[in-house]
Amino acid sequence: MREVAVVGVGMHPWGKFPDKPLIQMLTEVVDMALKDAGMEWKEIEGIAAASSRFSGGMGWGLAGNEVAQTMGRSGVPIYNVSSACAAGANAFNVAHTLVGSGACDVALVVAGEKMPKGFIPRTPGAAEDRSDVDYIRWKAIGIPNPGYWAMETRRRMEDFGTTELHLAKVAVKAHKVGAENPLARYRQVFTVEDVLNSPMVNYPLRLYEICAVSDGAGAAILCSKEKIRQISTSPVWVASSAVATMQFGDPQFRIPEVSTNPMPSVPFTSEVTLAVRKAFETAGIEPKEIDFVELQDNCAGHELFMPESWGICEPGECDRLVEQDQTYPNGKLPINPSGGFASFGEATTAMGLFQVAQGVWQLRGEAGPRQVEGAKTCLLQTLGLGGNGSGIILKR
Amino acid sequence: MKKTNLERIPVIEGLFTLDPEEPKLIGSKCTSCGTYFFPETNCCSNPECKDKKIEQAFLSRRGKLWSYTVQYYPPPPPFRAQEPFVPFGIGLVELPEKVSVAGILTESDPEKLKIGMDVELILDKAYEENGKEVVTWKFTPV
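Cut-offs applied
Residues numbered from 1 in each chain as written. Chains lettered and ligands numbered in written order. Predicted model: local features only at pLDDT ≥ 70, side-chain atom pairs only at ≥ 80, totals over all residues. Helix = DSSP H or I, 4+ residues; strand = E, 2+ residues; numbered from the N terminus. Rg over C-alpha atoms; globule rule 2.2 N^0.38 Å. Buried ≥ 20, exposed ≤ 12 C-beta atoms within 10 Å, placed from the backbone. Contact = placed C-beta atoms within 7 Å. Pairing = 2+ DSSP bridges. Axes fitted to C-alpha atoms, helices over the stretch in contact; angles between N-to-C directions. Expected span 1.5 Å × (residues − 1).

**Examining the overall build of chain A**
Thought 1: For chain A, the count of helices and strands is 13 helices and 12 strands.
Thought 2: On the principal axes, the C-alpha backbone points of chain A span a range of 55 × 50 × 40 Å.

What follows is the structure, given as structure tokens:
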């Protein structure tokens, strides 16, 4: 693979924008990324887009085609990637492969999503199909997505002695950091008491410990090292981009399943563990060396178990780091210096590019009060329905 | 199973037997590699398994609670939540066949639920419809 840089990023504020079509959000972020890169639309030689789940795409997930039809029908290859909440990062992986392999020198990666209100339900009008476990879980058990995160978190409390106070402190940190991010949707600071007094949603998870859903969009321009010499910019390099899927025997109880076949030899949330380990291996970076992490905090519990399962810290160590406020941007292991999903809300397929934009701004030293001082490397991670995992490592 | 005179029908066909004394979950067993699955499947998903010979299998009614949650808000359709809504427990239960199955718990107090506790499968009312009692499987502490 050739060396590939992210030369431009664009990100729409996260929130609810009922009067703004998704395609407008997408064209805005592509424009921002092109301006950031000092490039023009006609220089793009390939497009990778995340197929949005809830909006646009002509009902076929053709987000990339819609962008090209709106911004310029230049005849370039377009790849629309469907992998649920990992789609933004998986589209990034496709763009990285296009440029890294030499298939093209400049690729656009773009993703956007407009979400329905409230926690994600079963698709209204979906067939009563008893061969579909998603139907079974909703109809016969009634378990919503936070129910899965709650069970995983309750299990961690049993295994490591994690307490409701740890979970609350994770939420307090996320909101305190997110309040400093101008693009975040939720910019309110909470105390531990506020979090513990927020309504219990799925024991042991409370409302402020679970991410909401938002509208959002992001874009990035990837460029080969050869081409980059011709333009003036401050590149951030793609140290690695890895994609994986879940393994048989994974003990994680994941959305939307109603059973598991747990085997002790298989890693917990294997799709993510495999992708992240591969990302570290390819980048030639030791997990403990990473300067900060942007991870998918659907709930406060994710922030505790994930870094441990990737070898960034030891099993149970995240609780200690949280107790000592060491996961803030100025701590030993900064986690989600963007404010994370807790502060932004989840725009499902766009989340991978939200992380890329946040990671690039940090590595350029443009993150203002949330800046991780001297950051040279970061890990970005997403997890999508169907057992889709991604890991991206950026460096400067 | 609570006594009732209403005709009982399953919330979804084919997931469990309607045996009033000892209802059982209906799954699959791969006779090649020995893996059990729930619900029934037409193919073994173990990537190491070559022959993938699947047959119907009933699962044990007793197991251990791997983890649990308590559902504090009414799940959206197609679930038919009780009105007024009463929070209920949901758990994942490790069965002796090395398959873990999720289900509603009859206990909804998180302080009374313990990871590792023994639970047993029962059938219980999900809702009533057209004069019939629609039942689903639940796990109850033993």
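On we go.
**Some details on the overall build of chain B**
Thought 1: Scanning chain B from terminus to terminus reveals zero helices and nine strands.
Thought 2: When the helices and strands of chain B are read in sequence order from the N terminus, they spell out β-β-β-β-β-β-β-β-β.
Thought 3: For chain B, the C-alpha radius of gyration of 16 Å lies close to 14 Å, the compact-globule estimate for 142 residues.
Thought 4: Taking all 142 residues of chain B together, 37% fall into the buried category.
Thought 5: Residue pairs at least 24 apart in sequence account for 50% of intrachain contacts in chain B once pairs closer than 6 positions are excluded.

**Considerations on the environment of K176 of chain A**
Residue and element names in this part refer to chain A.
Thought 1: Along the polypeptide, K176 turns up in helix α6 (residues 164-178).
Thought 2: Look at K176 and you get partly exposed, because 19 C-beta atoms sit within 10 Å.
Thought 3: Along the primary structure K176 and I141 are separated by 35 residues, whereas in three dimensions their C-alpha atoms are 36 Å apart.

**Observations regarding the sheet that holds strand β7 (residues 216-224) of chain A**
Residues and elements named next belong to chain A.
Thought 1: Taken in spatial order, the nine strands line up as β3-β2-β4-β7-β1-β8-β12-β11-β10 in an open sheet, and their pairing is mixed. Strands with a single pairing partner mark the edges of an open sheet, and in this sheet they are β3 (78-81) and β10 (292-294). Strand-to-strand twist in this sheet, taken as the mean axis angle between neighbours without regard to direction, amounts to 25 degrees.

**Notes on unusual backbone geometry**
All names here are of chain B.
Thought 1: Looking along the chain, the bond that leaves F38 and enters P39 is cis, with omega of -5 degrees.
Thought 2: Within the secondary structure, P39 sits in the loop between β3 (36-37) and β4 (54-58).
Thought 3: Unusually for a residue other than glycine, K52 sits at a positive phi of about 50 degrees.
Thought 4: Tracing the sequence through the fold places K52 in the loop between β3 and β4.
Thought 5: Given 15 C-beta atoms within 10 Å, K52 falls into the partly exposed group.
Thought 6: Backbone geometry at N130 places phi at a positive 50 degrees, although glycine is not the residue there.
Thought 7: In this fold, N130 is placed in the loop between β8 (118-129) and β9 (132-141).
Thought 8: A tally of 7 C-beta atoms within 10 Å means that N130 is categorised as exposed.

**Regarding the sheet that holds strand β2 (residues 26-30) of chain B**
All names here are of chain B.
Thought 1: Sheet architecture is open: three strands sit in the order β3-β2-β4, paired in antiparallel fashion. A strand with exactly one partner marks an edge of an open sheet, and here the two such strands are β3 and β4.
Thought 2: Bridge count between β2 and β3: two bridges; the pairing is antiparallel. Across the sheet, K29 pairs through a bridge with Y36, a residue of β3.

**Considering the environment of P329 of chain A**
Thought 1: On the secondary structure map, P329 of chain A appears in the loop between α11 (317-323) and α12 (340-344).
Thought 2: Along the primary structure P329 of chain A and G339 of chain A are separated by 10 residues, whereas in three dimensions their C-alpha atoms are 9.8 Å apart.

**Notes on helix α5 (residues 145-160) of chain A**
Thought 1: Taking 1.5 Å as the rise per residue, α5 of chain A with 16 residues should run 22 Å; its terminal C-alpha atoms sit 23 Å apart, in good agreement.
Thought 2: By the criterion of burial, α5 of chain A is predominantly enclosed, with 12 of the 16 residues buried.
Thought 3: Listed in full, the buried residues belonging to α5 of chain A are N145, P146, G147, Y148, W149, A150, M151, E152, T153, R154, R155 and R156 of chain A.
Thought 4: Against α6, β5 (200-202), β6 (205-206) and α10 (302-309) of chain A together with β5 (62-71) and β6 (88-94) of chain B lie the buried residues of α5 of chain A.
Thought 5: Phi turns positive one or two residues past the end of α5 of chain A, at G161 of chain A, with a value near 75 degrees.

So, to be careful, I would describe these as geometric facts and stop short of saying anything about function.
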